[in-house]
Structure formats: structure tokens, C-alpha cells
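Here is how the chains run, residue by residue.
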Amino acid sequence: MTSQGQSSNFPSDDNGQSSFRGKLLTIDSKLGNQDVEGLKFLCRDCISHKNLEKSSSASDIFDHLLAQELLSEEDPFFLAELLYIIKQKSLLRYLNQSKEQVESLLPTRGRVSLFRNLLYELSEGIGSENLKDMIFLLRDSIPKIQMVTLTAFGPDKRNGWLEALNPYNEDSLVSGSTSSSFKEAGVYRMDRKHRGHCVVVNNHTFTSLSNRPGTNTDADHLRHVFEWLGFSVHVYDNVTKGHLDEVLQEYKCHPGHADGDCFVFCVLTHGKFGAVYSSDGTLVPIQEITSHFTAQQCPLLAHKPKLFFIQACQGEEIQPPVFIEADAVNPERVSPSLQDSIPDEADFLLGLATVPGYVSFRHVEEGSWYIQSLCNHLKSLVPRHEDILSILTAVNNDVSQQADRQGTKKQMPQPAFTLRRKLIFPVPQEKLE
């Protein structure tokens, strides 16, 4: 049974004469009801539930994709991906695509999440008895209204299975636990062509401030570690305010972000609370740096993690060691929030070498406590599949235990973040020497 039988009057596009909409109608005419249900399930992350409910044919779905500019004659790949997933590969020819072409582009251009793709694949192997068992096991989790819909499908096992999963998405479904906890298990995608760009602003010499001996050691270690993680690392030495603006503009518009998984920006310099110094003595708010990479300013990094590591003082106070005493009561210290330094949107992480108001420490030969600890823990914990927040927690613990020779100076790093998922770097194929 086809969803648009009358569309068979449209000519085949083998001769290239039919219009693009004619090709879409031809594809529609060759898709059955189960295919349409599959398309609706796969498009739930980009088409509203209300619009999908009203869609009775593939052409209705195509109209929504066209309206949202997810499908066009110039770029029909999303539809090609959908046809590939629902195993209608023979229809790819109407889009001038081949199975091999789609397979080669899926890792970098695929829009359907791996999770939703997996659910669709699983649906094909669920039989009627299996479905009944799953309904019984999930009866307390699936909303009552969806249970009524589910039982109405009768022998149509795929429609029933997909409808049962419709209340969930990859941020809310969890296997073997409550649906609200799946978000904790979500992981940022790290399988594109390129890991991403890592920018290091390394200020050693200043026009009006003291030099920073040891910072080149930090820059070298950052380059080494992030290249090991697969990033393209770019180090800029003694950056003036004008040069910093040029660097920010370059990477805000960098076309390489399209194929990248992530973006890292490191600043090694002097600073005050919420700001860092350029080499010519200009105080630059951290928020001015991070704001260049919001989804609006840098759409190619939308939904991708953006990490900022700042090795700079955030004040002039020195943290003294605190000696623990039984039953001692310490007054609370209220520090300014770091959230003002990162955009009020998802997927940002800001790692500061020290809490607001205090200095950070740097060895004149071995580098700073914070950057050296960050590099060492990335090297040791990435191979153990630890996520970035767990790694930064270990860095906090490590740095907090360090002190100067007299034991009078301490330091406590502080991260702020709006990450929505776990960020786990793939284990590099080659070990660090």
C-alpha cells in the first residue's frame, strides 16, 4: 500500500526532466505506511509532535522539512539519510545519491542521532510477543495515553514499538533505570572528521606588566596534550588587544568548525577578577572572549562543547592554608559567580586556575600549578574514559594540595559550565612519549 498512489503519473527523474517536488512525490508514491511511520519517528527531533501527528503521508513530512530548510534541491542529504535508515536505498537515485555516497557522508553530515537510529533498528527485531512483554515491563513508565494508542495497533509490531518509544528521547530514556536519569549518560559526539581547533594565547612579555617566566612550558605542554587528543593546536605568543580581536574573529568564523567535535581556547597571562590582560596591558573581560562562540555568533559550533581554560590571577589575595580542627566552624566565604563570564546558553565550560579574588601560582621553570595538573590529568585519565568534569575535579584536588615551600600559599581552581552531556575524549591511538 502506498501513501500517494496517484503520484505514479510523475515521470521518473532518470532522464533529469522532472522537478524536485516531482521527485519527492515519486519517492512518496513508493513508500508504504510503515515507512511513513518510520520517517515520523526519525524526524521527531526536528519536526514538532503536532505537525507529525497531522502528517498522513511522506509528502506531508517533506513539506515540513522544506519549510524548515532541512531539505532542498541543492542539499537533499537529510532525506537521503532517512531513506538509507528505513532501508529504501533504491530510492536514493531520485536524489542523485548512491548508498556508498550516503555511507561516506553519514559520520560528518548525519542529523539523526545515534540513539534514535538505534531505537529504529531495534524496532525491526521486536516481535509481537516481545512487544507484549515490554509493555508489561514498562507499564509504569509509559504514559497511560500512549498505552491506549499502543494496544490499538494490533499486529503492526513496528508501529506499536515506535509509538511506545515516542514519549522518550535521547535525553530522557535510560535502559534499566528511571527515564529522568538518562541525561547523565548522554555523551557529546566525538566521531566527526576532525576533533577541533585548540587556540593557546601565551603572554610572556608585557609592555607595562612583569614578565611571566615559565609560561612557555605551559604552552608547550598544552600543545603536546591537545595534539595527542587530536586537536589542531595554534599557539599565539605575546598577543596584543588588537591581535586578540583578530584571533577571536578568525576562529568565530572558521569553516573548520563544521567538521569538528569540539573547540578549546586557552589563555596564559596576567589577570584580575573576570578579566585577563593582553600583552599591551589592556584588560579584556573573559565574557568578551567567550561571547564570540555562542550559537548565534558561531553557528558551526552550536550544540558542540566549547572549553575555555584561563591561567591567570583573578585578584590579589593569597589563599592561606586551612588546618582542619575537630568541630571547628569556618565562616562562609561568598565569592562572585563565574557564570557572568560564560554565555547564558548550553555547551560551555570555563576552567579558571583560581577562585575569584585570588592569585594563581606559576613556577618560573616548570610552569603553573593549574596547567601542569590539567595536562597531567588529561594524559592519565582520558585513557580511563573519564569525562572532563571528573578530570577537572581531580585537578582541583591536586592543585588544592600543593603549596609553596613555606606552606603559606595555597590555590584552588574553579570551573563553571553549562555542559548538557558528558564530554569524553576518545582514547588516542598513539601513546604520549
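Above: the structure in question.
Bear in mind the structure is a predicted one, so any value in this text is a computation, not a measurement.

Each value, and the rule that gives it
- Residues numbered from 1 in each chain as written.
- Predicted model: local features only at pLDDT ≥ 70, side-chain atom pairs only at ≥ 80, totals over all residues.
- Heavy atoms only, no water.
- Disulfide = S-S within 2.5 Å.
- Buried < 20%, exposed > 50% of the residue type's maximum accessible area, 1.4 Å probe, protein only.
- Helix = DSSP H or I, 4+ residues; strand = E, 2+ residues; numbered from the N terminus.
- Pairing = 2+ DSSP bridges.
- Contact = heavy atoms within 4.5 Å.
- Polar contact = N/O pair within 3.5 Å; in protein donor to acceptor, adjacent residues only side chain to side chain.

(A) Structural view of the state of the cysteines. This structure, assessed with the given rule, holds zero disulfides. Looking at the unpaired Cys298, the closest cysteine sulfur is the one in Cys253, lying at 7.4 Å. Distance from the sulfur of Cys375, which forms no disulfide, to the nearest cysteine sulfur (Cys266) is 8.1 Å. Residue Cys375 is classed as buried on the basis of its relative accessible area of 1%.

(B) View of the pairing of strand β8 (residues 348-352). Taken across its five residues, β8 has five buried, putting it largely inside the fold. Of the two faces of β8, the one holding Phe348, Leu350 and Leu352 and the one holding Leu349 and Gly351 are both buried throughout. When strand β7 (residues 306-311) meets β8, the two strands line up parallel, connected through five bridges. Pairing of Phe308 across the sheet is with Leu350, part of β8.

(C) Local environment of the environment of Asn203. Along the polypeptide, Asn203 turns up in the loop between β1 (194-202) and α11 (215-228). With relative accessibility at 1%, the residue Asn203 sits in the buried group. For Asn203 and Ser278, which are 75 residues apart along the polypeptide, the C-alpha to C-alpha distance reads 7.3 Å. If we ignore the near neighbours within four places in the chain, the residues touching Asn203 are Arg212, Thr215, Asn238, Val239, Leu268, Thr269, Tyr277, Ser278 and Ser279. A polar contact of 3.3 Å, which involves the side chain of Asn203, links it to the side chain of Thr269.

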